[in-house]
Amino acid sequence: MSAAALPRMRYVWIVGVFAALVVMLALGLRLDPSKVPSPLIGKEAPRFELPRLQEPRKTFSDKEMLGKVWLLNVWASWCVSCRDEHPVLVEYAKREDVPIYGLDYKDKRADALAWLRDFGDPYRLSAFDADGRVGINFGVYGVPETYLIDKRGIIRYKRIGPVTPELMDRKIVPMMRELARE
Amino acid sequence: MIPEIGQFALSLALAVALAQSILPLVGAARGIPGWIALARPAAQVQFALLALAFVCLTYAFVTNDFSVAYVAMHSNSTLPLVYRMASVWGGHRGSMLLWTLLLGAWMVAVTLFSAHLPEEMVARVLGVMGIVSAGFLAFIVFTSDPFARLFPVPPNGQDLNPLLQDPGMVVHPPMLYMGYVGFSVAFAFAIAALLSGRLDAAWARWSRPWTLAAWMFLTLGIALGSAWSYYVLGWGGWWFWDPVENASFMPWLAGTALIHSLAVTEKRGSFRSWTVLLAICAFALSLLGTFLVRSGILTSVHAFAVDPRRGVFILILFAALVGSSLLLFAVRTARIGLGGSFAVVSRESSLLANNVLLSVAAASVLLGTLYPLALDALGAGKISVGPPYFDAVFVPLMAPAVFLMGVGPLARWKRASLPELAVLLRWALAVSVLCGALLPLLLGRWSPLIGLGLALAAWVVASSVVTLRDRVRHAGSAAGAWARLRSTPRSWYGMMIAHLGIAVFIAGVTVVKGYETQKDVRMQAGDTVELSGYTFRLIGVSKVQGPNYTATQAQMQITRHGRTVTTLYPQRRVYTVQHMPTINAAIDEGLMRHLYVTLGDPLNATTWVVRVQYKPLVSWIWLGCLVMALGGLLSATDRRYRVAATMRRAASSEVAVTQAGAAR
């Protein structure tokens, strides 16, 4: 190779980097940015032991729930969508086979209690996650979120955003029934 | 009928753009004067056709012609006239039309202010811009026709997104696009220089005013976008490191580096290949920004005008334009000499260091913006990269860059003396260290970041004073000093002012981040809340009717030490057409502080969640940007660029060509 041709190769790597960028963007175009899968589905729910919202002296731990199929609903009094979701939860909480437990996420106790007083309390009980540690372990992405946890403490389903009556009827309640039979 | 005229004008513009992108370039390569001479008229005709198309679309909006699908999607007969006109760029198709219209405007500007350039250079520059324009026009005509008709004709339109119904939004996209598109001129000059093989000081001097003008518009555009999110989104944030904000910030960083690199290339002939690469990168990042926003590849609060099918087209366009430029760069830079040498301590080295810092900053924003996408594309899961990453990366990169900003203007070209610089700058350094150590204590709280921020702001101001004094040091008398200052070129003042703008900006960011306070409270009529010495009293909440919305409005009286400061009226609006609720915060603005009140959700019939915020110096953030843009304006209109431009009127173009040749 002649000396004059050598420096020509110097900047070819830039073209290579750019080509890689374009390939990545092309792959990215085929993805749906609004879909958020949960890495926790099919895995054991994170361990936690938190004070209860109504009775701060007592605690609530995931261990107490082993052997039961239950819903963990992450909520907060500051969350706007929780307010839309709330009547749905209150409605389904009346049913014996849909036990809903709350995780009050990054909230103030007084606000949370007032909220439940004003709008009704669908939860068998709520754990109080003041600093949001447990929520982070669950990978809370946006409040509200709902987790379906089976008898062995494994997360089987996760919903980001408010649950709707359709979702409860078509997906969550049938799944809970099936899991209860296992 | 009118929309069809617009459609026809667009197709014609595409044909003209194709001719403009082929004939002048071939003419310049083969030396065919007739083809070279085609460049100017082609660009002007193209602009006229684009302007006609734009006027036709505006007409459709003004007359509420809902048979045009784009109008039906983005307007409504109840929408106020000014917003109907701004709706032209409220959606994807119209914003692409605006993009090409502005590209046409820049092309016409090149035809008008290029009399001092060699004709083949002008032909090449306009030819390259013609290629860009042809690509985007093909994109509009084949995938995003703004004039497409809709049957059956809907009785009314779907309205403009309420978040865009704001004066800031009327001017933000044109400014931002002026900046984005403006970098195409510097890009076209760089490609033209690569094609001709003449990458010299004259090329740098020709590119500089264009780059400065584009940079000025981009600065204003970004500032307007930031102010919009502060005023309109209702939560008092002014920068979110949102992918689309990053998309506008990356070309700004590259453009800033380019301005400085061009200065070195013009004055000293150094950094040529680096400068050319920056010119390509600044425009490539502008195109990438357009791609990211228009393809909807990233989720973002800005995704107002998204259609994934179009992404493929823009990606191909992006890949073809940037890929071929980089290839040309890789092949041709072997021929470019390195230019004058310089010592480790010199103005060149400080500018080079700053350039590297700015480029690394741009690259790290690119990384943070695309990393989630890359992981997702590799199937490695979804993550988001947020402010903690950007804050962690930015402060360590920008602190030394700002420090060098103080040193660079004082350092001599080629070789500077470190002891001399130290003597010159010791007072400035002492002042800034003192400011960093003591000012925060006066303001109430010291932390390392606040100290650093205020020290840097003070450093920029103090070192500017030193630079100004150094300028007149050997003048002898006051009259001599005045004469020296008068003979100093305007671009030098532009630089100093832009640097002071950075100081104002840094002070604003530091103080607002360090001392802002906020409270979220539940309030009933008559309740009060105290914040940073101000008392906010909720007088009452009432219903208000707007032209195309209904609102719940709170009346909030603010007092300080018993004296009334102001009364604010924050609202929650529901826009009747789209049923979209918006939060319209009320702000008491002042140079030293903003009071920001947001009416939140109702808890019951009489109780509301209210957020009150105290934001010291927040307006300095945008004031700083304004000052920077002013600096850019002064530099871009420096005499030595204007002299070259006015020569066109005085002399024939042949003479001008010789002049430019001699200047080289």
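About the cut-offs
- Residues numbered from 1 in each chain as written.
- Chains lettered and ligands numbered in written order.
- Predicted model: local features only at pLDDT ≥ 70, side-chain atom pairs only at ≥ 80, totals over all residues.
- Helix = DSSP H or I, 4+ residues; strand = E, 2+ residues; numbered from the N terminus.
- Buried ≥ 20, exposed ≤ 12 C-beta atoms within 10 Å, placed from the backbone.
- Contact = placed C-beta atoms within 7 Å.
- Expected span 1.5 Å × (residues − 1).
- Core = buried A, V, L, I, M, F, W, Y, C linked by C-beta atoms within 7 Å.
- Pairing = 2+ DSSP bridges.
- Axes fitted to C-alpha atoms, helices over the stretch in contact; angles between N-to-C directions.

Draft legend 1. Main features of the overall build of chain A. Check the secondary structure of chain A and you find five helices and seven strands. Shown N-terminal to C-terminal, the secondary structure of chain A runs as helices and strands in the order α-β-β-β-α-β-α-β-α-β-β-α. Counting only residues that meet the buried cut, chain A has 30% of its 182 residues in that class. Look at the contacts in chain A between residues 6 or more apart in sequence, and 74% of them connect residues 24 or more apart.

Draft legend 2. Local environment of the environment of B:F187. Residues and elements named next belong to chain B. Within the fold, F187 resides in helix α8 (residues 167–196). By the C-beta count within 10 Å, which is 31 here, F187 ends up buried. The spacing of F187 and G444 is 257 residues in sequence and 48 Å in space, taken between C-alpha atoms. If we skip the residues at most four places from it in the chain, F187 touches A279, I280 and F283.

Draft legend 3. Examining helix α19 (residues 619–636) of chain B more closely. Its 18 residues place the ends of α19(B) 26 Å apart at the C-alpha level, agreeing with the 26 Å of an ideal helix rising 1.5 Å per residue. The element α19(B) is largely enclosed, with a buried count of 14 among its 18 residues.

Draft legend 4. Focus on the nonpolar core. By size, the foremost hydrophobic cluster in this structure holds 190 residues, and its most contacted members are B:A186 and B:I280. No other element matches α8(B), which puts 18 residues into this core. If we ignore the near neighbours within four places in the chain, the residues touching B:A186 are B:S207, B:W210, B:T211, B:A214, B:L258, B:A279, B:A282 and B:F283. Listed in part, the 31 residues of the second largest apolar core include A:L89, A:L116, A:A127 and A:I149.

Draft legend 5. Up close: unusual backbone geometry. Positive phi values are uncommon outside glycine, yet A:K106 reaches one of about 45 degrees. One non-glycine residue, B:W241, lies in the positive phi region at around 50 degrees. Of note, B:W241 is situated in the loop between α9 (201–232) and α10 (243–268).

Draft legend 6. Region of interest: the environment of B:V244. Among the secondary structure elements, B:V244 is positioned in helix α10. Along the chain, B:V244 and B:V264 lie 20 residues apart, while their C-alpha atoms are 31 Å from each other.

Draft legend 7. Layout of the sheet that holds strand β5 (residues 126–129) of chain A. Residue and element names in this part refer to chain A. Ordered in space as β5-β4-β3-β6-β7, the five strands form an open sheet in which the pairing is mixed. Each having just a single partner strand, β5 and β7 (155–160) make up the two edges of the open sheet. If you compare each strand with its neighbour and ignore which way they point, the axes differ by 20 degrees on average. Taken together, the four bridges between strand β4 (residues 100–105) and β5 define a ladder with parallel strand orientation. The residue of β5 that forms the bridge with D104 is F128. Taken strand by strand, helix α5 (residues 165–181) contacts β6 (145–149) and β7, and its axis lies near 165 degrees from that of β7.

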